[in-house]
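In case you want the letters, here they are:
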Amino acid sequence: MGLGETVTLEQLETDPYPVYARLRDEEPVSWIPAVQLWLVTRYDDVRSVDLTPELFTAATTPSTLNRTMGTNMLGSEGPDQQRIRRITEVPFRPRDVEDRTQGMIPDLAHELIDRFADRGEVDLFTAFCDPMSVRSLRFMLGLDEVPWQDLLAWNQGMMPGLANFEGDPEKQAPADRASAELGAAIDRVLDRLETDPDGSVLSWMIHHDADGDRMSRDEIVANTKLMLSGGLQEPRDLIALAVWALAARPEQLDEVRRDRGLVKAAVEETLRWAGPVGTSTRQTTAATTLAGADLPRGALIGAVLASANRDPRRFSDPDRFDVHRKEGAHLAFAIGTHFCLGAWFGRHLARVSLDILLDRLPNLRLDPERPVELRGWEFRAPLSTFVRWDT
């Protein structure tokens, strides 16, 4: 029996990092029956998988992404993926994001903090991180007429489907319902935007038509679901994870509080050490051998970004969180043709949020009576982030 056959879904959901460490050392490409994937866990191998789409394709069958959202650019490869990427990356460029938001992000952060600043304690995850991510992305995409609570509920409803590698129908059914309801809401907004463009990402997608590059209605809906899922989950979890990682290390939190030039480093170290997204999913297009493992054609691969970012072959003392780390790029946003479209937006949102939280909440610290619990391996985040501060 191989090591991978002993790995349980509960082990991965509770804390995958000890599992990844054993896999990296003993079985770096391992078949894991519990999730029906070959997990690739070493940095160089993960990087190789992401950078070789002709051998490790993102157009997998089955695809948890395409099954739940409809065919989208993260679950595709080739000319169609490249066409959609060309169109959608324009409104997410740093200058375009800044032009679109124009102070909205710090204004929103202050508005949310105003609601609880005098209380001295709060669950930051639900009071700040959730509405911060969903309301800022809702504005960017052009979904302001859709209640943010509905967007959040639909996204949370889809998440189990996106991580349903085991093909559990009880997980998939509610995810499909949430996806259908979200799709109907997006369609209603697109109907309006066809005659009333407004400069949003959705408006850009439906009206863009240049050099043969245009998107169908189905492509816009599926890719908006993808943007919403990544854009809500990753920045939200990144803010919560950064606060938790720093507050659990008061000496590093004090350094960041005194020297705001370290905010950027703190966000990047959080992405490396506890990135919100676990894997890139791929499928072999031909039989191949990777790190000594023989993979048949059609093998489903989980290139484990979270494990690569803790590989001691790439990072020194990788399980240690250190805002002074200077060891080059991590893989939290993947690499290659499927590098995360919203990486700059997510980083920007997390940096602004962390900076303002430190300004507004003096002596910010974790609540010792309500410890942070993390769950998940494909999407890993705190269940809550209870904090206190001096009023």
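On a predicted model such as this, the values are computed, not experimentally measured, just so you know.

(A) Structural detail: the sheet that holds strand β12 (residues 386-388). Taken in spatial order, the three strands of this open sheet run β4-β12-β9, and their pairing is antiparallel. Each having just a single partner strand, β4 (121-123) and β9 (365-366) make up the two edges of the open sheet. Here two bridges tie β9 to β12, and the two strands are oriented antiparallel to one another. The residue bridging L366 from the neighbouring strand is V387, located in β12. Of the strands in this sheet, β4 and β12 touch helix α8 (residues 124-141), which is tilted by about 60 degrees from β4.

(B) Broad picture of the sheet that holds strand β1 (residues 29-32). Spatial strand order, β1-β2-β8-β5-β3: five strands in an open sheet with mixed pairing. Two strands close off the open sheet at either side, each with one partner strand: β1 and β3 (56-57). In terms of strand pairing, β3 meets strand β5 (residues 279-284) through two bridges, oriented antiparallel. Residue pairing for β5: T57 is matched across the bridge by Q283. Where helix α3 (residues 43-50) meets the sheet, its contacts fall on β2 (37-40), β3, β5 and β8 (300-304), and the angle it forms with β8 comes to roughly 125 degrees.

(C) Inspection of the environment of T284 at higher detail. Residue position: T284 is located in strand β5. The exposure class of T284 is buried, given its relative accessible area of 3%. Engagement of the side chain of T284 in a polar contact is seen with the backbone oxygen of P296, the distance being 2.6 Å. Among the polar contacts listed, one links the side chain of T284 to the backbone nitrogen of A299, at a separation of 2.8 Å.

(D) The arrangement of the packing of helix α9 (residues 148-162) against helix α12 (residues 217-247) in detail. At a minimum axis separation of 10 Å, α9 and α12 run at an interaxial angle of 95 degrees. One way to sum up the angle between α9 and α12 is to call them roughly perpendicular. Across from L151, L152, N155, Q156, M158, M159 and L162 in α9, the residues of α12 making contact are K225, L228, S229, L232, Q233 and R236. Grouping the amino acids of the contact of α9 with α12 by side-chain chemistry returns seven nonpolar, four polar and two charged.

(E) Spotlight on the layout of surface pockets. There is about 810 Å³ of room inside the largest pocket. Around the largest pocket, the lining is made up of 48 residues, and of these L65, L74, L226, E234 and V277 lie nearest the centre. Among the secondary structure elements, those contributing two or more residues to the lining of the largest pocket are α4 (64-69), α5 (79-89), α12, β5 and α16 (343-360). Counting residues per element, the lining of the largest pocket draws most heavily on α12, which supplies eight residues. Residues of the lining of the largest pocket, tallied by class, amount to 25 nonpolar, 18 polar and five charged. Looking at the lining of the second largest pocket, the elements with two or more residues in it are α9, α12 and β11 (381-382). Per-element accounting of the lining of the second largest pocket gives the leading share, four residues, to α9. Counted by class, the lining of the second largest pocket contains nine nonpolar, four polar and six charged residues.

(F) Spatial organisation of unusual backbone geometry. With an omega of 0 degrees, the peptide bond running from T61 to P62 counts as cis. Relative to the helices and strands, P62 resides in the loop between β3 and α4. Despite not being glycine, Q36 has its phi angle at roughly 60 degrees, a positive value. Looking at the element boundaries, Q36 is found in the loop between β1 and β2. Under the relative-accessibility criterion, Q36 is labelled partly exposed at 36%. Although it is not a glycine, D317 sits at a positive phi angle of roughly 45 degrees.

(G) The arrangement of the side chain of S76 in detail. Inspection of the secondary structure puts S76 in the loop between α4 and α5. Judged by its relative accessible area of 12%, S76 falls in the buried class. Apart from residues no more than four positions distant in its own chain, S76 is found in contact with A58, A59, T71, Q81 and H338.

(H) Layout of the nonpolar core. If you look at the biggest cluster of nonpolar residues, it comprises 88 residues, and the most contacted ones within it are F128, M132, L143 and L202. Looking at which element gives the most residues to this core, the answer is α12, with 15 residues. Aside from chain neighbours lying at most four places away, what touches F128 is A109, L112, I113, F116, I239, S353 and L357. If you look at the next biggest cluster of nonpolar residues, it comprises 18 residues, including V40, Y43, I301 and F315.

Rules used throughout
Residues take numbers from 1 onward in each chain, read along the sequence in its written order. Only residues with pLDDT of at least 70 are given local features in this predicted model, and only at 80 or more are side-chain atom pairs given and counted; all residues enter the totals for whole chains, interfaces and linings. As a rule here, side-chain values cover all heavy atoms of the structure and leave hydrogens and water aside. Pairing between strands is defined by DSSP: at least two bridges between the two strands are required. Runs of E in the DSSP output that reach at least two residues are strands. Runs of H or I that reach at least four are helices, and both are numbered from the N terminus. The contact rule is simple, with two residues in contact once any of their heavy atoms fall within 4.5 Å. To obtain each axis, a line is fitted to C-alpha atoms, and for helices this fit is confined to the stretch in contact; angles are then taken between N-to-C directions over 0 to 180 degrees. Remark: exposure states derive from per-residue accessible area (1.4 Å probe, protein chains only) relative to the maximum for the residue type, with buried under 20%, exposed over 50%, and partly exposed in between. A 3.5 Å cut-off defines polar contacts: any pair of N or O atoms within that distance qualifies, except that in protein one atom must be a possible hydrogen donor and the other a possible acceptor, and neighbouring residues in sequence count only when both atoms are side-chain atoms. Roughly parallel means an angle under 35 degrees; roughly antiparallel, over 145; roughly perpendicular, 65 to 115; everything else is oblique. Amino acids are sorted into nonpolar (Ala, Val, Leu, Ile, Met, Phe, Trp, Tyr, Cys and Pro), charged (Asp, Glu, Lys and Arg) and polar (every other residue, Gly among them). In the cavity and pocket records, a cavity denotes points on a 1 Å grid over the protein atoms alone where a 1.4 Å probe fits but cannot get out, a pocket denotes an open set with protein on both sides within 12 Å along at least 5 of 7 lines, and lining residues are residues with an atom within 4 Å of a point. Grid points are joined across faces, edges and corners, and a volume is the space filled by probe spheres set on the points. In this description, a nonpolar core means a group of buried Ala, Val, Leu, Ile, Met, Phe, Trp, Tyr and Cys residues linked to one another through side-chain atoms lying within 4.5 Å.

Any link to function would need more than the numbers given here.
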